[in-house]
Amino acid sequence: MAGVPEGFHRVRSHIRRNPRPSPKKTSGWVIVGAVAAVWLWGQVFGFSDASTAAPTAPAPSVSAPAAAPAAP
């Protein structure tokens, strides 16, 4: 293989780069998918820590009745 630089090889009269060992790392699309799944989960089911107890009703905001005029 004369004329082929180091780190390359000849394939069908073309010079190609040797394959490099790539570390197994998480693809960008997998990360985007995981973030989207968490976001959708929050949209559908919510992230609130609501307890099973019913919320307390607020006190009515009706004012006290006016005092009746004194009888003569």
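Sequence order as written defines residue numbering, which begins from 1 separately in each chain. Per-residue local features of the predicted model are confined to residues with pLDDT of at least 70, and side-chain atom pairs are confined, for both listing and counting, to 80 or more; whole-chain, interface and lining totals are unaffected and use all residues. Neither water nor hydrogens contribute to the side-chain values; these are computed over all heavy atoms in the structure.

The next subject is the overall build of the chain. Segments assigned H or I by DSSP are reported as helices when at least four residues long, segments assigned E as strands when at least two residues long, and all are numbered from the N terminus. From N to C terminus, the chain includes one helix and two strands. From first element to last, N terminus to C terminus, the chain shows the α and β order β-β-α.

Turning our eyes to something else, we now look at the confidence of the model for the chain. Mean pLDDT for the chain: 77, with 65% of residues reaching 70 or above. The predictor's confidence in any single residue is recorded as pLDDT, a number from 0 to 100. Per-element confidence in the chain is highest for helix 1 (residues 28-44), whose mean pLDDT is 90, and lowest for strand 2 (residues 14-17), whose mean pLDDT is 86.

Only rings of Phe, Tyr and Trp enter the pairing, Trp through its six-membered ring, and a pair is recorded when the two centres are within 6.5 Å. The plane angle decides the type: under 30 degrees is stacked, over 60 is edge-to-face, the rest tilted. Evaluated as defined, the whole model comprises one aromatic pair. Geometrically, the ring pair formed by Trp41 and Phe45 is tilted, given 4.4 Å between the ring centres and 45° between the ring planes.

As a further point, take a nonpolar patch on the surface. A cluster of nonpolar side chains, contributed by Trp41, Val44 and Phe45, occupies part of the molecular surface with about 380 Å² of accessible area. Along the chain, Phe45 turns up in the segment after helix 1. Patch rule: a residue counts if its relative accessible area is over 30% and it has no salt bridge; like charges are joined within 9 Å, and nonpolar side chains (Val, Leu, Ile, Met, Phe, Trp, Tyr) within 5 Å. Each accessible area value is a Shrake-Rupley result obtained with a 1.4 Å probe; residue values ignore everything except the protein chains displayed when judging cover. By definition, a salt bridge exists where a carboxyl oxygen of Asp or Glu is found within 4 Å of a side-chain nitrogen of Lys or Arg.

Given a helix with a known number of residues, its expected span is that number minus one, times 1.5 Å. Its 17 residues place the ends of helix 1 24 Å apart at the C-alpha level, agreeing with the 24 Å of an ideal helix rising 1.5 Å per residue. Positive backbone phi, at 80°, marks Gly46, one or two positions downstream of helix 1.

As a further point, take the pairing of strand 1 (residues 8-11). The pairing criterion for strands is at least two bridges between them, as found by DSSP. Direction of pairing for strand 1 relative to strand 2: antiparallel, over a ladder of four bridges. The partner of Phe8 across the bridge, within strand 2, is Arg17. Here strand 1 folds back onto strand 2, and the loop between the two strands holds two residues, one of which, Arg12, carries a positive phi near 45°.

Before going further, it helps to examine unusual backbone geometry. Notably, Arg12 is not glycine yet its phi reads approximately 45°, a positive angle. With respect to the secondary-structure elements, Arg12 resides in the loop between strand 1 and strand 2. On the basis of relative accessible area, Arg12 is assigned to the exposed category, the value being 78%. In this structure, Ser13 takes a positive phi of about 65° despite not being glycine. Structurally, Ser13 is set in the loop between strand 1 and strand 2. Burial classes: relative accessible area under 20% of the type maximum marks a residue as buried, over 50% as exposed, and values in between as partly exposed (1.4 Å probe, protein chains only). According to the relative accessible area criterion, Ser13 is exposed, its value standing at 59%.

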